[in-house]
Amino acid sequence: MKYYRLLTKSEYKGCFLENENTLKLIKSYYDGTILNRIAPIEVSFNSENRNKYLVQKNILSFWGSGGEFVVDETTKNKLEFHYNDYFAFINVICIDDNNYKNINFYLLYIKKTIDGLDREKSKIKFLNDDYFVLNNHAKLTSIFKFENLKNSTFCDETFKAFVEENNIEGWIFREAFEK
């Protein structure tokens with residue numbers, strides 16, 4: 001089975017954290033305490049000027065959040081129905097663009113983290129020529145993060161096919177490894 005690293009294109013609209021400490025948010029995401037959050041996360045769509053002119057897709061990069069994604073409500077509903085065991089969703093609101101103030105967005109929280117990446121044998125520089133080497137005891141799932149590489153999300157070819165069949169736009173799939 002092929003596995004892919006999930007990424008977004010910089011040609012698509014992204015969002016930026018506002019009114020909150022980025023490092024605290026990332027820490028709360030990685031340790032799971034973000035799931036206890038009640039208040040929505042405030043984001044800006046226009047704090048970076050060029051972002052105003054980019055195309056909106058179903059998936060947005062959440063810049064400065066450690067490689068996470070924001071999804072629209074349509075995508076949330078599809079993922080929740082088919083992959084509920086893999087995701088949690090945290091409410092996100094846009095505070096600086098009237099075109100998006102009444103649209104629901106969600107930070108996509110990846111529930112599955114696995115042990116299994118051999119960091120010493122892998123080449124990880126977040127470039128096109130990265131390669132990932134797994135330990136013998138790696139037990140992979142459809143969507144996951146590695147315990148020792150939480151700023152990257154990986155998926156199998158089944159999830160990739162689901163995204164393509166459901167016309168979910170915004171992710172790119174970079175081949176990572178086979179198992």
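Details of the structure are given in the entry above.
Residues numbered from 1 in each chain as written. Predicted model: local features only at pLDDT ≥ 70, side-chain atom pairs only at ≥ 80, totals over all residues. Heavy atoms only, no water.

## Points about the overall build of the protein chain
Here's step 1: The helix and strand inventory of the protein chain stands at three helices and eleven strands.
Here's step 2: Its helices and strands taken in sequence order, the protein chain reads β-β-α-β-β-β-α-β-β-β-β-β-α-β from the N to the C terminus.
Here's step 3: The buried share of the protein chain, taken over its 179 residues, is 49%.
Here's step 4: Pairs at least 24 apart in sequence give 70% of the contacts found in the protein chain among residues at least 6 apart. (Helix = DSSP H or I, 4+ residues; strand = E, 2+ residues; numbered from the N terminus. Buried < 20%, exposed > 50% of the residue type's maximum accessible area, 1.4 Å probe, protein only. Contact = heavy atoms within 4.5 Å.)

## What to know about the nonpolar core
Here's step 1: The biggest cluster of nonpolar side chains holds 40 residues, and the ones touching the most others in it are Ile-41, Phe-62, Phe-87, Leu-108, Phe-159 and Trp-171.
Here's step 2: Setting aside anything within four residues of it in sequence, one finds Ile-41 in contact with Leu-17, Leu-25, Ile-34, Phe-62, Ile-90, Asn-91, Val-92, Ile-93 and Leu-107.
Here's step 3: If you look at the next biggest cluster of nonpolar residues, it comprises eight residues, including Tyr-3, Leu-140, Phe-144 and Ala-176. (Core = buried A, V, L, I, M, F, W, Y, C linked by side-chain atoms within 4.5 Å.)

## Re the pattern of salt bridges
Here's step 1: In total, this model carries six salt bridges according to the counting rule given.
Here's step 2: In this structure, Glu-175 and Lys-2 form a salt bridge, with 3.7 Å as the shortest nitrogen-oxygen distance. Residue Glu-175 is found in strand β11 (residues 171-178), and its partner Lys-2 is found in strand β1 (residues 2-8); the two are separated by 173 residues along the sequence.
Here's step 3: Notably, a salt bridge pairs Asp-31 with Lys-27, separated by 3.4 Å at the nearest N-O pair. (Salt bridge = Lys/Arg side-chain N within 4 Å of Asp/Glu carboxyl O.)

## Some remarks on the sheet that holds strand β2 (residues 14-17)
Here's step 1: The six strands are arranged β2-β3-β6-β7-β5-β4 in a closed barrel whose pairing can be described as mixed. Taken pair by pair, the neighbouring strands of this sheet meet at an average axis angle of 45°, ignoring direction.
Here's step 2: Bridge analysis of strand β5 (residues 68-72) against strand β7 (residues 105-110) gives four bridges, and the strand direction is antiparallel. Bridge pairing in β7 links Phe-69 to Leu-108.
Here's step 3: Sheet strands touched by helix α2 (residues 73-83): β4 (59-63), β5, β6 (87-94) and β7. Its angle to β5, the strand with the most contacts, is close to 105°. (Pairing = 2+ DSSP bridges. Axes fitted to C-alpha atoms, helices over the stretch in contact; angles between N-to-C directions.)

## Here we look at the pairing of β5
Here's step 1: Burial runs high along β5: five of the five residues are buried.
Here's step 2: Here β5 shows two buried faces, one formed by Glu-68, Val-70 and Asp-72 and the other by Phe-69 and Val-71.
Here's step 3: The pairing of β4 with β5 spans four bridges and is antiparallel. Bridging across to β5, Ile-59 finds its partner in Val-71.

## Some details on helix α3 (residues 157-165)
Here's step 1: Taken together, the buried positions of α3 are occupied by Phe-159, Lys-160, Phe-162 and Val-163. End-on, the buried residues of α3 take up no more than an arc of 160°, which puts them together on one face.
Here's step 2: Between the side-chain oxygen at the start of α3 and the backbone nitrogen of Thr-158 there is a gap of 3.2 Å, and the oxygen is on Asp-156.
Here's step 3: Of the residues trailing α3, Asn-167 is marked for its positive phi of about 50°. (Arc of directions from axis to C-beta. Polar contact = N/O pair within 3.5 Å; in protein donor to acceptor, adjacent residues only side chain to side chain.)

## Quick word on the pairing of β4
Here's step 1: The buried fraction of β4 is high, at four of five residues.
Here's step 2: Alignment of β2 against β4, held across three bridges, turns out to be parallel. Note that in β4 the partner of Phe-16 across the bridge is Trp-63.

## A few points about the packing of aromatic side chains
Here's step 1: Within this structure, the stated rule accounts for 16 aromatic pairs.
Here's step 2: Summarising the aromatic geometry, the rings of Tyr-29 and Tyr-109 are spaced 4.7 Å apart at their centres and angled 55° between planes, so their arrangement reads as tilted. With Tyr-29 in helix α1 (residues 22-30) and Tyr-109 in strand β7, the pair connects residues that are 80 residues apart, well separated along the chain. For the pair shown, Tyr-29 and Tyr-109 are each scored as buried.
Here's step 3: In this structure an aromatic cluster arises from ring pairing among Phe-69, Tyr-83, Tyr-86, Phe-87, Phe-89, Phe-159, Phe-162 and Trp-171.
Here's step 4: The lysine or arginine in question, Lys-76, covers the ring of Phe-89, its NZ or CZ lying 5.5 Å from the ring centre.
Here's step 5: Residue placement shows Lys-112 over the ring face of Tyr-86; its charged tip is 5.5 Å from the ring centre. (Phe/Tyr/Trp six-rings, centres within 6.5 Å; stacked < 30°, edge-to-face > 60°. Lys NZ or Arg CZ within 6 Å of the ring centre and 35° of its normal.)

Functional significance is not addressed by these values, which are geometric in nature.
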